[in-house]
Amino acid sequence: TVYRDFHAQHPGSVSVEGLPQRANFAEYPEYEDKIRAVLGEARYADWALSGQRFVRTLAQLAPQFGLAPATVKAVAVLLRDTAARSWAIGEDTSLVYTQQRAALTALVADTQQRLTAQLGAPASAALLRQNSWLEHIASGHAVRIDGTATSWTPVEGVKNAAPRPPR
């Protein structure tokens, strides 16, 4: 009923091409809070992770590459944790910029190696072609995943980034 209530109050719009667009659920945190209350923390975390583009891409690639659901979830968690680690590197005030860049480069190399080990080279390459934020990390950006939204900030700006309002 949370979705039904949301879409009744936020019917969406029409794109430039004239196609209907649904309103972006993530732009209304009160609805995510309602979902969290209905699902509980553990199921909410799974729900939020499943809303990420990289997880949807993994799910779409799974049949083609024979990926088991457990593998999809493990890789999704790896990518989520990689994003969190990139943000932690950006927040680390003990590191100078060149150290942050080196840490981000090492993080991406490790993640790519682990992706290839878990998915195989063809599936890993397909995933990376469709989701570019690992490239953003490699080029010096920290990635933040908040609910179902993903954003990135140049690593040198993370320390000064305004904190998100508490939920």
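Residues numbered from 1 in each chain as written. Predicted model: local features only at pLDDT ≥ 70, side-chain atom pairs only at ≥ 80, totals over all residues. Heavy atoms only, no water.

Undergrad: Help me understand the packing of helix 6 (residues 97-119) against helix 7 (residues 121-130), please; the structure alone is not making it clear to me.
TA: Between two packed helices, both the angle of their axes relative to each other and the distance between the axes serve to describe the pair. Two elements in contact, helix 6 and helix 7, have axes whose closest approach is 7 Å; the angle formed by their N-to-C orientations is 130°. By the angle between their axes, helix 6 is oblique relative to helix 7. Handedness of the helix 6/helix 7 crossing: right-handed. Packed against helix 6, whose contacting residues are Gln 112, Leu 115, Thr 116 and Leu 119, the element helix 7 presents Ala 121, Ala 123, Ser 124, Leu 127 and Leu 128 at the interface. Considering only residue class, the contact of helix 6 with helix 7 consists of six nonpolar, three polar and no charged. (Axes fitted to C-alpha atoms, helices over the stretch in contact; angles between N-to-C directions. Helix = DSSP H or I, 4+ residues; strand = E, 2+ residues; numbered from the N terminus. Parallel < 35°, antiparallel > 145°, perpendicular 65-115°, else oblique. Left-handed = near helix turned anticlockwise from the far one by under 90°. Contact = heavy atoms within 4.5 Å. Nonpolar A, V, L, I, M, F, W, Y, C, P; charged D, E, K, R; others polar.)

Undergrad: I keep staring at the packing of aromatic side chains and nothing clicks. Help me out?
TA: Aromatic rings in a pair are described by how distant their centres are and how their planes are angled relative to each other. Per the stated rule, a full pass over the model turns up two aromatic pairs. Between Tyr 44 and Trp 47, the aromatic rings sit 5.5 Å apart at their centres with planes inclined by 35°, giving tilted as the arrangement. You can see Tyr 44 and its partner Trp 47 sitting in helix 3 (residues 41-50), three residues apart, about one turn around the helix. An identical accessibility class is assigned to Tyr 44 and Trp 47; each is buried. For the pair Phe 54 and Trp 133, a centre-to-centre distance of 5.4 Å together with 70° between the ring planes defines the contact as edge-to-face. Of the two residues, Phe 54 is situated in helix 4 (residues 53-65) and Trp 133 in helix 8 (residues 133-138); the sequence distance between them amounts to 79 residues. Look at Phe 54 and you get buried, because its relative accessible area is 1%. Residue Trp 133 is classed as buried on the basis of its relative accessible area of 7%. Taking the ring centre of Tyr 44 as reference, the NZ or CZ of Arg 36 above it sits at 4.1 Å. (Phe/Tyr/Trp six-rings, centres within 6.5 Å; stacked < 30°, edge-to-face > 60°. Buried < 20%, exposed > 50% of the residue type's maximum accessible area, 1.4 Å probe, protein only. Lys NZ or Arg CZ within 6 Å of the ring centre and 35° of its normal.)

Undergrad: Is there a simple way to explain the pattern of salt bridges in this structure?
TA: Side-chain pairs of opposite charge can arise whenever the charged atoms involved come near each other. All told, the structure shown has four salt bridges when counted by the stated rule. For Glu 41, the salt bridge is made with Arg 36, and the minimal N-O distance between the two is 3.0 Å. For Arg 36, a relative accessible area of 24% corresponds to the partly exposed category. Asp 110 is the salt-bridge partner of Arg 114, the closest N and O atoms lying 3.7 Å from each other. Pair noted here: Arg 114 and Asp 110 are both in helix 6, with a separation of four residues, about one helical turn. Here Asp 110 falls in the partly exposed class, since its relative accessible area comes to 33%. (Salt bridge = Lys/Arg side-chain N within 4 Å of Asp/Glu carboxyl O.)

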